[in-house]
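Structure assessment
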Amino acid sequence: MKKAINVTMPSSAEGMSRVDGRLKVTGAAKYSAEYTMPGLTYGVLVGSTITKGHILTIDTKAAGRAPGVLAVVTHLNSPKVPGDQPEKGKPVPDKGALKVFYDNKIYYNGQPIAVVVADTFERALYAASLVKAQYKAEKHITNLPDNRDKGFAPRGEGVYKRGAADAWQSAPFKVEQEYIVPTVTHNPMELHAIIARWDADDKLTVWDKTQGVNDTRDDLARLFKIPAANVLVHSQFVGGAFGSALRTWPHEVAAVLAAKVVSKPVKVVLSRADMFTSVGYRPFTWQKIGIGATADGKLTGITHEAAGQTSSYENFTEGPVGVSQNMYACPNVNTKYNLVSLDIATPTWMRGPGEATGAFALESALDELSYAVNIDPLELRIKNYAEVEPSSGKPFSTKFLKEAYQLGADHIGWGDRKQVPRSVKQDGWYVGYGMGSGMFGAYRSGATVRAKMMADGTLILQTAVSDIGPGTGTAMTIIAAEQMNIPADKIRFELGDSSLPPAPTQGGSATVASVGPAVVKACTDLKEKFQKLIGNGGEDHPDYAKVLKEHNLPSLEVTSSSDGGNGMEKYAMNSWSVHFVKVLVNAATGVVKIDKVACVSDCGKVISPKTARSQVIGGAIGGIGMALMEESIIDHRYGRYINNNFADYHVPVNADIPQIDALFINKPDPIINVMGAKGMAEIALIGMAAAVANAVYNACGKRVRDLPITPDKVMG
Amino acid sequence: MKSDKPTPETTDVKDSSRRDFLKQSTLLTAVAVTPVVAIKAANDHMDEHLAAVFEKMPLKMEVNGKTVNLSVEPRSTLLDILREQLDLTGTKKGCDHGQCGACTVHVDGHRINSCLTLGIMMSGKKITTIEGLAKGDQLHPMQEAFIKHDGFQCGYCTPGQIMSAVSCIREGHAGSEHEIREYMSGNVCRCGAYPNIVNAILEVKDGGFAV
Amino acid sequence: MKQFQYVRPATIQAALDVISKPGSKIIAGGTNLVDLMKRGVTAPDKIVDINHLPLKGISEPIGNVMTVSIGALALNSEVAENSRIKELFPLLSMALNAGASPQLRNMATVGGNMMQRTRCGYFYDTTMPCNKRQPGTGCGAMEGVNRMHAIFGASDQCIAVHPSDMCVALAALDATVEVAGKKGKRYIHFADFHRLPGEKPQIDNNLAPDELIVRVIIPTNNFSRNSYYLKIRDRQSYAFALVSVAAALEIDNGIIKNARLAMGGVAHKPWRLFEAEQFLVGKTASEENFAKAAGLAMKGAVGHGGNSFKLKLAPATITEALKHAAGLV
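In this report, the structure presented in the accompanying data block is examined. The model shown is predicted, which means the values in this text are computed figures rather than measured ones.

Turning to the overall build of chain A, a few remarks are in order. Secondary structure assignment for chain A yields 16 helices and 26 strands. Against the 2.2 N^0.38 benchmark of 27 Å for 716 residues, chain A shows a C-alpha radius of gyration of 26 Å, consistent with a compact globule. Its C-alpha atoms give chain A principal-axis dimensions of about 80 × 75 × 55 Å. A buried classification covers 65% of the 716 residues belonging to chain A. Across chain A, the fraction of contacts at a sequence separation of at least 24, relative to all contacts at a separation of at least 6, is 81%. Counting every atom, chain A has about 24000 Å² of accessible surface; 51% of that belongs to carbon and sulfur.

Structure representation (structure tokens):
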């Protein structure tokens, strides 16, 4: 299917290729652990082997004596982190980020209790194995289902109601079910890594895997009480993150401390096992949904309860029940969200945070309801289509989800779907179709971009934003090329450095929507500056190099900012998606194969078709992983992960994934920003797990409500 | 078989004091030895200097067409040697346990996981990493195809994917989409670029490019 | 990883001299050993690199020698891709290709595949109890997370499974293992090579510590037209088996003349299904008979909670594998 770039379904070869593609395919792209510098040393963390309690003794003698070891830093000898110390006259908050090497308390299994620094990685790793701690263990809890009664409402905001509570109960057709999304770990391919170097007592440089160099800079400045201007954070290439690099984690602080102790640059690279305990995860969440409808499929009420896990030292909150408030037009909705504190590390946002969890429950429940009332699940969604935001009554800035439904349904061949499971067989496998829909707030914030036209006609754009993979530099280059009317290869987009003009952290699908307008603004201002130089009557897109030469200028630059914009008060702004899946199920062995996928995104204007398509496909594959195989399993007796590696924690491999069709509505949202572009990263995943679960049910009649849908849950 | 004649593999062991040390070993037929005494000395921190000399062994191999002579600890993996000693950081560490494929390189033309390969066992071998795939400025067709079909997002698994993709065709396992998927399943991509990777490989295969 | 002494013997005899010393470990492909050393599960003083020994060859059946011999150092990929192996023992080729990844198969050897340790999470985590890793500490999996674990032949000491696919096929193919020791050669029937955990789960197999695998010998057979290896796992590739089945049939006019069945992912060793094999002989190759055979195969199976689903999955997989082997799918 060949179509021009700007239409709904680009092929993998269409659109502009990534501006950093060459660096990535040649191995020249440098990630945080890959910088060399004189005197570089290696830090390896030692994790606690109990889950709750405190350290009685910690024996570092053998480690300290091991060849090449420069230091073993523990709570007993660590320099103090100034920002962690109690301030006089101020109450000590009862919760907050884990304080590294602060005292002997253990809050979770794997908590760093020491960092060993040596001259080579091998020596540091071996020496770390020689650190032996003795503990006083206390009884721990790591299991959410058994401790749901300990749930509490976060910040007293856990309850929502419109209309009558529990109205679904009196509906003629209703479903009430519980759904489980287990702990799922981001597991980007790049292990989190940092190189920390003190350039002076109050000057720190780090090469760090982070989604936000400015946030990391500010966190480190606050913790070490040095001016933010003295902290330099480099994060030019980030090997995936999906949320895991949205905050500053203990290993980063440990590296900075270690660098202080040895007065040399220290590199700390987490192990894959560390990735399960050190950089967050999607929290295990229990949910219950009651949903009711009239005989003609009109929703009468939704009740959505959720309990998500958090650590004992921080309250991590997200929005799993939000989708039930706003996805469908329903007069009566009540939701309740609780947290349960467990003796585990703090979770963090993972792609489609909250919404992905909530959408699994809501979109599964809706599917179950469609069978109860015997209406096609697509029709049921159309019957309850929300034309305005249900919770506020505000109009949507744009919403073309109905068109998306139709496009996707046509594409997958929804017409071949039978409402009765086990109706269709193909080569001995049951065939099933399922759909799931997603929504995510369209956010934007201010950003600043420096645009500098060089004498040779090269345009350099600079801003501090990170690119964790979506292709930020590529999208921004496309925007600038259009604004300036110059070829993309004359543009260099520089990012991932805290010394550049400020930009928001890359998260919440907001980068293009936030930084894009700043690029537009900077280009506009730069063109204006050229106009002034040329005087009246100049072309809108002059030969910039020629103008500079004529005026004997080496370059011309502007630094321009976009604000967060307005519109939120008048409009509800969201991106929308729908995923259609065709699966094949072997009912005897429980094996599920994804046969076909069509994802339709309504995310405003598509700036960069090639990378946008990849992002949608990537989100869908993340959703397939969540649906079919991902689960971080704790042995609750020990509070320790038992599958903390890539052999036992399964993520999809190539053999699991067919061609995935990514379709775009591609209609600009005039409210969100000047380009009309909204986020697409989160919606690419939200709703996908339910689409798979619904297809599995449609194929073989097995309804799996606790993810992942592994063969044992489907067979028989 | 009692002989203290070095087998061909010992020819790079030139250090005579080292040879003398070896003579004390009961293991006369074996070569390339890290003496237990040295390890013990090192572990006990008794003689850092001695340890530093004897913990390491000479390693001569060819990397991207160039001969490299190194002194390595037997426990150092090929991956860590490439990344930390040769600054060839294109080869990635994703799991360090043979479970992700990010560290894939070619040894004598065959793809392997460098994280589970002891460097010392690469003596005399020809290693090709991602840095050695292009001919100067001219990218390998697989690199071009990965760019064209956007076979990556974050780029971290990409070098391993490309090395594996080249092997996939060389091995004759790129006959169909289905076969490519199976034979590319040793390379995990968390960003989810799989369909694009398959398209890139198909393009190179169908284009009849020499790989 | 602890520092170790690295030696590279030039002859089998020299290798036998070295491995007889305590604390020595043989390295071939290293795909499991290096992993275990990185995790601290094993910490040898001496690594004996046997890759230079002449143990790589794959021989053909010649004249009245109706066997194929595969050297212990033949790579998994070499064996899987070997045209004679594909022709004579497609089951072995399928099983090999179902294991690990192309990269790992390019490193892993036949001998190493046989010698690989269990992938039980408790065995790998040195802070957990495990009788196999550290006798006397208990079995973490017994009352713990045991979804991947054994339903056959487990003891109260250990419910780990042997993770190999290749070995399941070799067990079904009635292979023999030739081993060399200081006293000379001896031969072990493949089905007896690996052992059940019993009271000594730390011992995986019947190879003595001072012995070396030389080659695997497979008798030729008439199964090549009706063989199938079916592996059920949590994803389509690059994952260990929940249950796998090697099925080989000799069918004449719809009647089964001979049958071989072995299962993986269910026991401490490749699990031969002798009773089911016997049942099938003389029967029609039908789904009904396959299901009956599968039922017989499950005698003595015990679930431990997390893995109890295998009591249902295993017979379903046997039936499916037989259907494939018989060409009924």
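With that settled, the discussion passes to the interface of chain C and chain A. At the interface, 30 residues of chain C touch 31 residues of chain A. Both faces considered, chain C and chain A share a buried interface measuring about 2600 Å² in area, 63% of it formed by carbon and sulfur atoms. On the chain C side of the contact with chain A, D234, R235 and Q236 of chain C bury the most area, a combined 25% of that side's loss. At the junction of chain C with chain A, the criterion picks out 2 salt bridges. With a closest N to O distance of 2.9 Å, D712 of chain A and R147 of chain C form a salt bridge. Linking chain C with chain A are 8 residue pairs in polar contact (both at pLDDT 80 or more). For the side of chain C that touches chain A, the elements supplying multiple residues, two or more each, are α8 (121-124) and α13 (310-326) of chain C. Ranked by residues supplied to the side of chain C that touches chain A, first place goes to α13 of chain C with 5 residues. Broken down by class, the residue content of the side of chain C that touches chain A amounts to 13 nonpolar, 7 polar and 10 charged.

This part covers the sheet that holds strand β3 (residues 69-74) of chain A. Residue and element names in this part refer to chain A. Reading across the sheet, the 7 strands line up as β3-β5-β1-β12-β9-β10-β11 and stay open at both edges, with mixed pairing between neighbours. At either end of the open sheet lies a strand with only one pairing partner, and these are β3 and β11 (231-234). With strand direction ignored, the average angle separating the axes of adjacent strands in the sheet is 20 degrees. With 4 bridges connecting them, strand β9 (residues 193-200) and strand β12 (residues 266-269) associate as antiparallel partners. Note that in β12 the partner of I194 across the bridge is V268. Along the sheet, helix α5 (residues 250-262) contacts β1 (41-47), β3, β5 (112-118), β9, β10 (203-208) and β12; its crossing angle with β9, the most-contacted strand, is approximately 40 degrees.

Turning our attention to the packing of aromatic side chains. All told, the structure shown has 19 aromatic pairs over all chains when counted by the stated rule. Seen from their ring centres, F316 of chain A and W349 of chain A are 5.3 Å apart, and the 70 degrees between their planes marks the pair as edge-to-face. Separated by 33 residues along the polypeptide, F316 of chain A in the loop between β14 (299-311) and α7 (322-326) and W349 of chain A in the loop between β15 (333-342) and α8 (355-373) bring together distant segments of the chain. A relative accessible area of 38% means that W349 of chain A is categorised as partly exposed. Both rings, one in Y371 of chain A and one in Y697 of chain A, keep their centres 4.7 Å apart while their planes meet at 80 degrees; by these two values the pair is edge-to-face. In this pair, Y371 of chain A sits in helix α8 while Y697 of chain A sits in helix α15 (residues 688-700), placing the two residues 326 residues apart along the sequence. In terms of burial, Y371 of chain A and Y697 of chain A fall into one category: buried. Chaining the aromatic ring pairs together yields one cluster made of Y31 and F237 of chain A together with Y156 of chain B.

The subject of this paragraph is the nonpolar core. Considering soluble globular proteins, one finds that nonpolar side chains tend to be buried as a cluster. Counting 226 residues, the largest nonpolar core has I291 and V692 of chain A, M61 of chain B together with L249, M263 and L280 of chain C as the members making the most contacts within it. Setting aside anything within four residues of it in sequence, one finds M263 of chain C in contact with F152, V168, V243, S244, V245, P270, W271, L273, M298, A314 and I318 of chain C. One finds I85, A169, A171 and A262 of chain C within the second-largest nonpolar core, a separate group that totals 39 residues.

Turning our attention to the environment of V245 of chain C. Residues and elements named next belong to chain C. For V245, the position within the fold is in strand β9 (residues 243-252). Since its relative accessible area comes to 0%, V245 is described here as buried. In this structure the C-alpha to C-alpha distance between V245 and N131, which are 114 residues apart in sequence, comes to 28 Å. In this view, V245 contacts Y228, Y229, L230, L261, A262, M263, T317, I318 and A321; residues no more than four positions away in its chain are not counted.

On to the packing of α8 of chain A against α15 of chain A, then. Packed helices, taken two at a time, are described by the angle between their axes plus the distance between the axes. Residue and element names in this part refer to chain A. α15 packs onto α8 with a crossing angle of 30 degrees between their chain directions and a minimal axis gap of 8 Å. Accordingly, the angle class assigned to the pair α8 and α15 is roughly parallel. Classified by chirality, the crossing of α15 by α8 is right-handed. For the pair α8 and α15, the contacting residues are A359, F360, E363, S364, D367 and Y371 in the first and A689, A690, A693, N694, Y697 and N698 in the second. Considered class by class, the residues forming the contact of α8 with α15 number 7 nonpolar, 3 polar and 2 charged.

Looking now at the interface of chain A and chain B. The partner chain B presents 57 residues to the 64 residues of chain A that form the contact. Buried surface at the junction of chain A and chain B, both sides included, amounts to about 5100 Å², of which 51% is carbon and sulfur. For chain A, the biggest contributors to the area lost against chain B are V25, M189 and N654 of chain A; these three give 16% of the whole. For the pair chain A and chain B, the number of links is 7 salt bridges.

What counts and what doesn't
Residues numbered from 1 in each chain as written. Chains lettered and ligands numbered in written order. Predicted model: local features only at pLDDT ≥ 70, side-chain atom pairs only at ≥ 80, totals over all residues. Heavy atoms only, no water. Helix = DSSP H or I, 4+ residues; strand = E, 2+ residues; numbered from the N terminus. Rg over C-alpha atoms; globule rule 2.2 N^0.38 Å. Buried < 20%, exposed > 50% of the residue type's maximum accessible area, 1.4 Å probe, protein only. Contact = heavy atoms within 4.5 Å. Areas by Shrake-Rupley, 256 points an atom, 1.4 Å probe, with all protein chains shown as cover. Buried area = accessible area lost by both parts, 1.4 Å probe. Salt bridge = Lys/Arg side-chain N within 4 Å of Asp/Glu carboxyl O. Polar contact = N/O pair within 3.5 Å; in protein donor to acceptor, adjacent residues only side chain to side chain. Nonpolar A, V, L, I, M, F, W, Y, C, P; charged D, E, K, R; others polar. Pairing = 2+ DSSP bridges. Axes fitted to C-alpha atoms, helices over the stretch in contact; angles between N-to-C directions. Phe/Tyr/Trp six-rings, centres within 6.5 Å; stacked < 30°, edge-to-face > 60°. Core = buried A, V, L, I, M, F, W, Y, C linked by side-chain atoms within 4.5 Å. Parallel < 35°, antiparallel > 145°, perpendicular 65-115°, else oblique. Left-handed = near helix turned anticlockwise from the far one by under 90°.

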